[in-house]
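# Coordinates in review
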Number of protein chains: 2
Amino acid sequence: MSETTQMLKGILDGCLLAIIKEGEIYGYELAAKLESYGFRSLSEGTIYPLLLRMQKEGLISATLRKSTAGPKRKYYTLTEKGERELKLFIGRWEQVSSSVDNVLNKRGI
Amino acid sequence: MSETTQMLKGILDGCLLAIIKEGEIYGYELAAKLESYGFRSLSEGTIYPLLLRMQKEGLISATLRKSTAGPKRKYYTLTEKGERELKLFIGRWEQVSSSVDNVLNKRGI
DNA sequence: GTTAAATACCTTGCAATACAAGATATATAC
DNA sequence: GTATATATCTTGTATTGCAAGGTATTTAAC
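Residues numbered from 1 in each chain as written. Chains lettered and ligands numbered in written order. Predicted model: local features only at pLDDT ≥ 70, side-chain atom pairs only at ≥ 80, totals over all residues. Heavy atoms only, no water.

This paragraph deals with the sheet that holds strand S1 (residues 25–26) of chain A. Residue and element names in this part refer to chain A. One open sheet accounts for three strands, arranged S1-S3-S2; its pairing is antiparallel. Both outer strands of the open sheet, S1 and strand S2 (60–65), are each paired with one neighbouring strand and no more. In the sheet, S1 pairs with strand S3 (residues 73–78) via two bridges, with the strands oriented antiparallel. Note on S3: the bridge partner recorded for Tyr26 is Tyr75. (Pairing = 2+ DSSP bridges. Helix = DSSP H or I, 4+ residues; strand = E, 2+ residues; numbered from the N terminus.)

Here you go:
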């Protein structure tokens, strides 16, 4: 297991929501986009199950479309519930990341 | 399970190392310190197993001392291996947190 | 037309870890 | 002796990233 694996837990789902909010996108493209944002190569074994889970939870919805080169693509968009969850995620992230930064910079609140 | 629980995975151990590096400290005190840095009440069921694990891995070492009010305290200090691990953690944290910030601020590298 | 490569998606099972719940022990104050 | 605050540990559960392996489609090369 990679060293950053544990660190991504509870973070990846929010990042996917944030990217999907920018505009309709399909899984394969998402993986590339995450890498462009600085995430080290995330495997499909990570992304596809996550997307399915979030779809089942009603955070995102999917529509199939034909591709110009390959099998059908599954395009995802954010639902209202997904937008609310994204806001909650951002709040949690700000709380946690500022706490960590406080610890690393050695100053209390 | 709390919402931030998953987000703390792979982050807490590094934060403990960073606090222990500041100076000898025991578990009970550590919990209070974490809260002062902004972490919401972390239970002892989280902290003590983590400390034991890190001790077993040789990242920290412990000495028992009498307390003025209560049972003996177990004071922890950082080992050399722990210092190296702390540096690695900081590198991982900077990589991951900047990636997340990139996603949330919607700008690629 | 068959083969190869790139695209695109899914499933199963494992490993790691935060935490709830419960247990134990010491010292002080009443 | 009883209550309270201090201080530590153990067991079991839930969640989730990911490796490994599988399937299907389109285009291009041979």
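Next up on the list: the packing of aromatic side chains. The tally for this structure, following the rule as stated, stands at three aromatic pairs over all chains. Plain terms: the ring middles of Tyr26 of chain A and Tyr75 of chain A are 5.2 Å apart, the flat faces sit at 65° to each other, and that makes the pair edge-to-face. With Tyr26 of chain A in strand S1 and Tyr75 of chain A in strand S3, the pair connects residues that are 49 residues apart, well separated along the chain. Taken together, a centroid distance of 5.7 Å and an interplanar angle of 35° make the contact between Trp93 of chain A and Trp93 of chain B tilted. Taken together, the residues span two chains, with Trp93 of chain A in helix H5 (residues 80–104) and Trp93 of chain B in helix H4 (residues 80–104). No difference in accessibility class separates Trp93 of chain A from Trp93 of chain B, as the two residues are buried. The positively charged end of Arg65 of chain B is found above the aromatic ring belonging to Tyr75 of chain B, 5.1 Å away from the centroid. (Phe/Tyr/Trp six-rings, centres within 6.5 Å; stacked < 30°, edge-to-face > 60°. Buried < 20%, exposed > 50% of the residue type's maximum accessible area, 1.4 Å probe, protein only. Lys NZ or Arg CZ within 6 Å of the ring centre and 35° of its normal.)

Take the interface of chain A and chain B next. Chain A puts 34 residues into the contact, and the matching count from chain B is 34 residues. Approximately 3400 Å² of surface area, both sides summed, lies buried where chain A meets chain B, with 74% of it carried by carbon and sulfur atoms. Broken down residue by residue, the surface that chain A buries against chain B is led by Met7, Tyr37 and Trp93 of chain A, which jointly contribute 22%. The tally of links between chain A and chain B comes to two salt bridges. Our count for the chain A to chain B interface comes out at eight residue pairs in polar contact (both at pLDDT 80 or more). Elements supplying a minimum of two residues to the side of chain A that touches chain B: helix H1 (5–8), helix H2 (12–22) and H5 of chain A. In the side of chain A that touches chain B, the residues fall into 16 nonpolar, ten polar and eight charged. (Contact = heavy atoms within 4.5 Å. Buried area = accessible area lost by both parts, 1.4 Å probe. Salt bridge = Lys/Arg side-chain N within 4 Å of Asp/Glu carboxyl O. Polar contact = N/O pair within 3.5 Å; in protein donor to acceptor, adjacent residues only side chain to side chain. Nonpolar A, V, L, I, M, F, W, Y, C, P; charged D, E, K, R; others polar.)

Across its 25 residues, H4 of chain B extends 36 Å between first and last C-alpha, which sits within 8% of the 36 Å expected from 1.5 Å per residue. Looking at the buried side of H4 of chain B, the elements it contacts are H1, H2 and H5 of chain A together with helix H1 (12–22) and strand S3 (73–78) of chain B. Immediately beyond the C-terminal end of H4 of chain B, within one or two residues, lies Lys106 of chain B, with a positive phi of roughly 55°. (Expected span 1.5 Å × (residues − 1).)

Another point: the pattern of salt bridges. Pairs can form between side chains of opposite charge whenever their charged atoms are close. Applying the stated criterion to the full structure yields twelve salt bridges over all chains. Across the salt bridge formed by Arg92 of chain B and Glu3 of chain A, the nearest N and O atoms sit 3.7 Å from each other. Residue Arg92 of chain B is located in helix H4, and its partner Glu3 of chain A is located in the segment before H1; the two belong to separate chains. Looking at Arg92 of chain B, the relative accessible area reads 12%, which means it is buried. Using a relative accessible area of 55% as the deciding quantity, one classes Glu3 of chain A as exposed. Measuring nitrogen to oxygen at the nearest pair gives 2.8 Å for the salt bridge that ties Glu24 of chain B to Arg65 of chain B. With Glu24 of chain B in the loop between H1 and strand S1 (25–26) and Arg65 of chain B in strand S2 (residues 60–65), this residue pair connects regions lying 41 residues apart in the sequence. Residue class for Arg65 of chain B comes out partly exposed when judged on its relative accessible area of 36%. Salt bridges sharing common partners tie together Glu3 of chain A together with Glu85 and Arg92 of chain B.

Purely geometric stuff here, so don't read any function into it on its own.
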